[in-house]
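Observations on the model geometry
Chain by chain, the residues:
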Amino acid sequence: MLSSLKQNITYGVRSLLKSPGFSAAVVLTIALGIAASTAIFSVLYATLFEPLPYPKSEQLMVLWSHPGGERNVVSVGDFLDWKRRNTTFQDMHAWTGGGSFNLATNDRPEQIEATAWTPGFNDMVGAAMFLGRDFVPEEGQPGNDRVVILAHKLWSTRFGSDPNIIGQQIRMNGQPYTVVGVLAPGLADRGNALVTIPLVFKPDQINHDNHWILVMGRLKDGVSISQAQTEMHGIAAQLAQEFPKSNTNWGVSVEPLHLNFLPNTTRRRLWLLQGAVGFLSLIACVNVANLLLARSTTRRREVALRAALGATRLRIFGQLLTESMTLSLVGGVLGILFASFLIKAIIAILPVNYLPIEADIRISIPVLVFTTLATVLAGLIFGSVPAWQATRLDLNEVLKEGGRTGGSGKRGLRKVLVVAEFALALTTLAAGGLTLKSFWNLTRVDLGVNTDHVLTFALPASKDRFTEVEKIGPYYRQLLDSIKAVPGVKNAALTSGLPTQGAGFGMGFRIVGAPPVDPSALPNAGFQLVTSGYHDTMGVRIIKGRGFNENDKANGVRVAMINEKLAQRYFAGVDPIGQRVGVNEVIPPGKLGPVVEWEIVGVFHTVRNDGLREDYPEIDVPFWQMPWPGVAAVVRTDGDPRAATKSIAAAVTSVDPDMPLASVRTMDEIVDEQFASDRFGLALFGSFALAALGLAAVGVYGVMAFGVAQRTREFGIRIALGAQRVRVLRLVLSEAVILAVIGSLIGLFGAYAVGKLMQSTLYGVPAFDAVAFAVVVFVLLIAALFASLLPAWRASRIEPMRALRHE
């Protein structure tokens, strides 16, 4: 057996080297399919299947409050009771975004993002430390929390990889913090947070009303998720009895950490990309099968002679299959090489925070196993059919053909493969076409603002900076006046949120004078704090009433503006001007105060404050009537907004030397960031669609070119008998178009299925988009025409006597 295999490989390699053009075409086609499959599977495996890089990561659970159908963050009171009463968790800790800090090094303030966790969180998770330690319990008490853990990236860039950093003090928000640890490089450096501080609960934060923290726990050995869930249900029921006002109808869910924070739309898009690559690989296999079928036709006499000389069908099948597997393996190796470059390209265009930080995209051992299996499977798929067909030859018929071109009856299988190729190509093209139309629709969305010449940045004062709320307003008014005085600044304003980035708060509201509503059933709206001039600065149209002005002061009448969405939904047929809405006052650092009635004085054109795809009801109130530490500034300039950054920064530091400009971006840049995810999908789906189109065109060209070569005698006789060359040209072209039409009609069913699967990732595109599908079919038909044009032209130029003399 080994001797026979060696002979097959030796002969196969020698035979393939005699046809370098054919071999190169097959290898490159296989490499394309393998490279795309490997690259996308690397992303899929690293995100969805690879275990988290923590010890016994399957024990790590995220615990969510459940007020109903959707999960919610947790109150401090609930967390402390869960931690104290449970018996199924080894440990349980809380964490949250720590906000931002102004880090002062070399007399230059820089804003950095922070996270906060309760002491012991890092030890529970099992994340590695590079230097130092995790927080200890006493550092979780108020007054003992001026300690910090640095991300390795920050330690190496801003502190020169100082090995003696542990125990040193750094200044953040003007306060000294002692460095107690440095996280290991890699995982933590992929996130936004560069420093970690202890999560400390002040006495007024320990309640069951305010939900604002995230909770994670590690299960005890041998404890299942269902056991932990049952116990936590019981604890939630106890809390509902003890605290009926805050905990009635609030449950708890225990969910694995793995993929817990990955949006369903992202997960679905990854699977769709893998499906698109699967179609591309199938098209590549069909293409290669067609090439091998064509080659096997030219080897009919060789195979027949070998059979006549005593070679068994099994030996012939093995020989031809060995050649196919050889091509497949060479293509697979080349495909892995291509995949490494493709992975780098995917990482380069991957949107920030699109995947979990634990996802390490690379060609890992499981990916190599997948690639090997895919390569072997591809070799078997495209090699078996030609090999099997070659063993079914009628020896007498083939040997009687002699040197003449024959086998015209064998072209049926190749035509079937071309039809299948077009059906697969149309399905893949449909995915690309639908993604393109969705992206186009997003570019036409009315944002409700004018983004030209607008600079935005954060002014991240710490919530602990102001001991008295009354000091917040004067401080920011001084900053705003200084910014407005900068040459080239046309207008400036402060806001709690930026367009497409969120309105600042989400609040329940009630319409004063309307029938009472249960507090749990209050409608929600975005609640934004803005200074007078915000709507003018952002180019937001006032539809009715007025905007805010300098008379809307802290001691004045509480006024509000609402967007068209809210007016249409809750004031249909009623003039909203003069109506009042009741919204809880928010008191720094995050406490809900009593309900305040706000008089509606204006209605403004709806602004897309929650991304590009959705708009929601919104209530804007004057910043000076409910000041908040930590806001964003919007500045409209005469010229290039970026050019004014340095002057604006100088104006801010002239008021507060410790205040940096954070997250400096133009509005155009912010909007562009919103397209990142859809642009990523468009780039990949579009690339695979173009590759599928190219492979389909190559497949048609191969079949038509070989068909013309086989039918040389037929075309010569037709022309000799008086057929016009144009008629021969039309005959070949019509055959290609018919194959393309049949494949396209079959592919429409696949296109519709893809449209249904992609609905959650598309914007304004139905599952069956007639226009998009018509364009895709038209493109495929044009590709088929162009691919068959050269073979058709050759057929029409055949000289009858030369063709007959050849026979």
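Residues numbered from 1 in each chain as written. Predicted model: local features only at pLDDT ≥ 70, side-chain atom pairs only at ≥ 80, totals over all residues. Heavy atoms only, no water.

Considerations on the overall build of the chain
Scanning the chain from terminus to terminus reveals 23 helices and 22 strands. Each of the 807 residues in the chain was classed as buried or not, and the buried ones make up 51%. Taking the contacts inside the chain whose residues are at least 6 apart along the sequence as the reference set, 81% of them involve residues at least 24 apart. Separation of charge centres in the chain, based on 74 positive and 64 negative side chains, amounts to 16 Å. (Helix = DSSP H or I, 4+ residues; strand = E, 2+ residues; numbered from the N terminus. Buried < 20%, exposed > 50% of the residue type's maximum accessible area, 1.4 Å probe, protein only. Contact = heavy atoms within 4.5 Å. Lys, Arg positive; Asp, Glu negative; His and termini not counted. Charge placed at Lys NZ, Arg CZ, Asp CG, Glu CD.)

Some words on the packing of aromatic side chains
Tallying each qualifying case throughout the model produces 21 aromatic pairs. Their ring planes at 45° and their centres at 5.6 Å tell us that Trp 95 and Phe 121 sit as a pair that is tilted. Separated by 26 residues along the polypeptide, Trp 95 in strand S3 (residues 89–105) and Phe 121 in helix H4 (residues 121–125) bring together distant segments of the chain. With respect to class, Trp 95 is no different from Phe 121; both count as buried. An aromatic cluster of three or more residues is present, and its members are Trp 64, Trp 95, Trp 117, Phe 121, Phe 135 and Phe 261. When the ring centre of Trp 440 is taken as origin, the NZ or CZ atom of Arg 444, which lies over that ring, is 4.7 Å away. Lying over the aromatic face of Trp 624, Arg 477 brings its terminal NZ or CZ to 4.0 Å of the ring centre. (Phe/Tyr/Trp six-rings, centres within 6.5 Å; stacked < 30°, edge-to-face > 60°. Lys NZ or Arg CZ within 6 Å of the ring centre and 35° of its normal.)

Comments concerning the pairing of strand S6 (residues 147–150)
Judged by which residues are buried, S6 turns out to be covered on both faces: Val 147 and Ile 149 on one side and Val 148 and Leu 150 on the other are all buried. As paired elements, S6 and strand S8 (residues 175–183) share four bridges and run parallel to each other. Bridging from a neighbouring strand, Leu 150 pairs with Val 182 of S8. (Pairing = 2+ DSSP bridges.)

Things to note about the pairing of strand S14 (residues 505–511)
When S14 meets strand S15 (residues 524–530), the two strands line up antiparallel, connected through four bridges. Paired with Gly 508 across the strands is Asn 524, a residue of S15. Inspection of the sheet shows S14 paired to strand S18 (residues 580–587) by three bridges, in the antiparallel sense. The residue of S18 that forms the bridge with Phe 509 is Val 583.

Overview of the nonpolar core
Judged by nonpolar contacts, the single largest core of 90 residues is most densely connected at Leu 355, Phe 382 and Phe 688. Here the element with the most residues in this core is helix H19 (residues 676–710); it accounts for 15 residues. Ignoring any residue separated from it by four or fewer positions in sequence, one finds Phe 688 in contact with Ala 36, Ile 40, Leu 273, Ala 276, Val 277, Leu 280 and Thr 428. Leu 494, Trp 628, Ala 633 and Val 652 belong to the second-largest nonpolar core, a separate cluster that totals 49 residues. (Core = buried A, V, L, I, M, F, W, Y, C linked by side-chain atoms within 4.5 Å.)

Quick look at the packing of helix H2 (residues 20–49) against H19
Relative orientation of the contacting elements H2 and H19 amounts to 160°, with a least axis distance of 12 Å. In terms of orientation, H2 lies roughly antiparallel with respect to H19. For the pair H2 and H19, the crossing hand works out as left-handed. Where H2 approaches H19, its residues Thr 29, Leu 32, Ala 36 and Ile 40 are matched on the opposing element by Leu 684, Phe 688, Ala 691 and Leu 695. Taken together, the residues of the contact of H2 with H19 sort by class into seven nonpolar, one polar and no charged. (Axes fitted to C-alpha atoms, helices over the stretch in contact; angles between N-to-C directions. Parallel < 35°, antiparallel > 145°, perpendicular 65-115°, else oblique. Left-handed = near helix turned anticlockwise from the far one by under 90°. Nonpolar A, V, L, I, M, F, W, Y, C, P; charged D, E, K, R; others polar.)

Some thoughts on helix H18 (residues 667–674)
Given 3.6 residues per turn, any residue in an α-helix points the same way as the ones three and four places further on. Restricting attention to buried positions, one finds in H18 the residues Met 667, Ile 670 and Val 671. Down the axis of H18, the smallest arc covering the buried residues is 95°, so these residues share one side. Residues of H18 that are buried make contact with strand S12 (454–459), helix H15 (534–538) and strand S22 (662–666). (Arc of directions from axis to C-beta.)

Notes on the side chain of Glu 358
For Glu 358, the position within the fold is in the loop between helix H10 (313–349) and helix H11 (365–390). An unpaired buried charge is present at Glu 358: no salt bridge exists, and Arg 190, the closest side chain of opposite charge, is 6.9 Å distant. Dropping the residues within four chain positions of it, Glu 358 is found in contact with Leu 52, Pro 53, Tyr 54, Leu 187 and Arg 190. (Salt bridge = Lys/Arg side-chain N within 4 Å of Asp/Glu carboxyl O.)

A closer look at a nonpolar patch on the surface
Nonpolar side chains collect at one region of the surface, where Leu 28, Leu 337, Phe 338 and Phe 341 lie side by side and expose about 400 Å² of accessible area between them. The element that contributes the greatest number of residues to the nonpolar patch is H10, accounting for three residues. In this fold, Phe 341 is placed in helix H10. (Patch = residues over 30% accessible without salt bridge, like charges linked within 9 Å, V, L, I, M, F, W, Y side chains within 5 Å. Areas by Shrake-Rupley, 256 points an atom, 1.4 Å probe, with all protein chains shown as cover.)

Notes on the environment of Leu 424
By secondary structure assignment, the location of Leu 424 is in helix H13 (residues 411–443). Residue Leu 424 is classed as buried on the basis of its relative accessible area of 15%. Dropping the residues within four chain positions of it, Leu 424 is found in contact with Phe 279, Leu 282, Ile 283 and Val 286.

Here we look at the confidence of the model for the chain
Predicted confidence across the chain gives a mean pLDDT of 87, with 91% of residues reaching 70 or more. Segment residues 403–409 is flagged for pLDDT under 50; beyond a separation of four residues in sequence, or across chains, it makes 12 contacts in the model. (pLDDT = per-residue confidence, 0-100.)

Thoughts on the packing of helix H14 (residues 472–484) against helix H17 (residues 645–655)
Two elements in contact, H14 and H17, have axes separated by 9 Å at closest approach and are oriented at 145°. Regarding H14 and H17, the two cross each other, and that crossing is right-handed. Each of Gln 478, Leu 479, Ser 482 and Ile 483 in H14 lies in contact with H17, whose residues at this interface are Ile 648, Ala 651, Val 652, Ser 654 and Val 655. Of the residues that constitute the contact of H14 with H17, the class distribution is six nonpolar, three polar and no charged.

With respect to the pattern of salt bridges
Here the structure, examined in full by the defined rule, presents 23 salt bridges. Across the pair Arg 362 and Glu 50 runs a salt bridge whose closest N-O atoms are separated by 2.7 Å. In this pair, Arg 362 sits in the loop between H10 and H11 while Glu 50 sits in the loop between H2 and strand S1 (60–66), placing the two residues 312 residues apart along the sequence. By relative accessible area, Glu 50 is classed as buried at 16%. Through salt bridges that share partners, Asp 81, Arg 84, Arg 85 and Glu 242 make up one connected network.

Some remarks on the side chain of Ser 42
With respect to the helices, strands and loops of the structure, Ser 42 is situated in helix H2. The residues contacting Ser 42, other than those within four sequence positions of it, are Ile 343, Ile 361, Arg 362, Ile 363 and Val 367.

As for the environment of Leu 219
Following the sequence through the fold, Leu 219 ends up in strand S10 (residues 211–219). Through-space distance from the C-alpha of Leu 219 to that of Ser 57 is 10.0 Å; in sequence the pair is 162 residues apart.

Focus on unusual backbone geometry
Unlike most non-glycine residues, Lys 56 shows phi in positive territory, near 45°. Looking at the element boundaries, Lys 56 is found in the loop between H2 and S1. Exposure remark for Lys 56: the relative accessible area of 48% places this residue in the partly exposed category. Positive phi values are uncommon outside glycine, yet Ser 663 reaches one of about 50°. Judged by relative accessible area, which is 42%, Ser 663 ranks as partly exposed.

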